[in-house]
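Each chain is listed here by its residues.
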Amino acid sequence: MPLIYVDLIEGRAPEAIRVLLDAVHDAVVEAFGVPVRDRYQVVRTHPTHEVVAWDTGLGIDRSDSLVIVHVVSRRRTATMKQRFYQLLSDNLATRCALDPSDLIVSISENGDEDWSFGHGRAQFLTGELS
């Protein structure tokens, strides 16, 4: 945990997607302090016509290299979130040559009662996880 959804425009090679996911995971581990084996990622690819990502009036130009990251997580501080955004942008620029204008990130927060990692139990509530 966190659970990360990555939406991409189709066409990336499997190896490129693996590098991208590793870059995302490393940012999560560093910014949020989660264990290395705490990794839950889902990639969804879309044809170009299925993705509309305007700039909210910020003057940001986007390309077909667009990466949209949605993080579902326990509550994190504003400082942790800002660190995550920067680390993620830096990691993707360095490892994937992604222009920072092609990265959109959204974080949705929930509580301990909102997670079950298997066996029909809420492990944060049962004490199996802290």
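The structure presented is a predicted model; accordingly, all values stated were derived computationally and were not measured.

What counts and how
Residues numbered from 1 in each chain as written. Predicted model: local features only at pLDDT ≥ 70, side-chain atom pairs only at ≥ 80, totals over all residues. Heavy atoms only, no water. Helix = DSSP H or I, 4+ residues; strand = E, 2+ residues; numbered from the N terminus. Buried < 20%, exposed > 50% of the residue type's maximum accessible area, 1.4 Å probe, protein only. Lys, Arg positive; Asp, Glu negative; His and termini not counted. Salt bridge = Lys/Arg side-chain N within 4 Å of Asp/Glu carboxyl O. Contact = heavy atoms within 4.5 Å. Expected span 1.5 Å × (residues − 1). Core = buried A, V, L, I, M, F, W, Y, C linked by side-chain atoms within 4.5 Å. Phe/Tyr/Trp six-rings, centres within 6.5 Å; stacked < 30°, edge-to-face > 60°. Lys NZ or Arg CZ within 6 Å of the ring centre and 35° of its normal.

Here we take up the side chain of Asp102. Structurally, Asp102 is set in the loop between helix H2 (78-96) and strand S4 (103-110). As a buried residue without a salt bridge, Asp102 has its nearest oppositely charged side chain in Arg62, at a separation of 5.7 Å. In contact with Asp102, not counting residues within four places along its chain, are Asp61, Arg62, Ser63, Ser65, Leu66 and Val67.

Residue pairs three or four apart in sequence face the same way in an α-helix, which turns once every 3.6 residues. Its 19 residues give H2 an end-to-end C-alpha distance of 26 Å, which sits within 8% of 27 Å, the value for a rise of 1.5 Å per residue. Buried within H2 are the following residues: Lys81, Phe84, Leu87, Leu88, Ser89, Asn91 and Leu92. In this structure, the buried residues of H2 make contact with helix H1 (14-32), strand S3 (67-74) and S4. The first or second residue beyond H2 is Ala97, which carries a positive phi of 55 degrees.

When a protein is soluble and globular, its nonpolar side chains tend to lie buried together. Of all hydrophobic cores here, the largest spans 23 residues; its most connected members are Val6, Phe32, Val67, Val69, Phe84 and Leu88. When contributions to this core are tallied by element, the ones reaching two or more residues are strand S1 (3-9), H1, S3, H2 and S4. By residue number, the principal contributor to this core is H1, which donates 9 residues. Those residues in contact with Leu88 that sit more than four places away from it in its chain are Ala23, Val24, Ala27, Val69, Leu103 and Val105.

What follows covers the packing of aromatic side chains. This structure, assessed with the given rule, holds 5 aromatic pairs. Here Phe84 and Tyr85 contribute two aromatic rings whose centre-to-centre distance is 6.3 Å and whose plane-to-plane angle is 55 degrees, an arrangement assigned as tilted. Its relative accessible area of 0% is what places Phe84 among the buried residues. Arranged with centres 5.7 Å apart and planes meeting at 5 degrees, the rings of Trp115 and Phe117 form a pair that is stacked. Exposure remark for Trp115: the relative accessible area of 10% places this residue in the buried category. Counting every residue linked through ring pairs, the aromatic cluster contains Tyr40, Trp115, Phe117 and Phe124. Over the aromatic face of Phe124 sits the side chain of Arg74, whose NZ or CZ is 3.8 Å from the ring centroid.

All right, on to H1 then. When the terminal C-alpha atoms of H1 are compared, their 27 Å separation across 19 residues agrees well with the 27 Å that a helix rising 1.5 Å per residue should span. Listed as buried for H1 are Ile17, Leu20, Leu21, Ala23, Val24, His25, Ala27, Val28, Ala31 and Phe32. Lining the buried residues of H1 we find S1, strand S2 (40-46), S3, H2 and S4. Phi turns positive one or two residues past the end of H1, at Gly33, with a value near 70 degrees.

Let's shift gears to unusual backbone geometry. One non-glycine residue, Thr56, lies in the positive phi region at around 55 degrees. Relative to the helices and strands, Thr56 resides in the loop between S2 and S3. Note on Thr56: relative accessible area 75%, which makes it exposed. Located in the positive-phi region is Ala97, a residue other than glycine, with phi close to 55 degrees. Take Ala97: it is sitting in the loop between H2 and S4.

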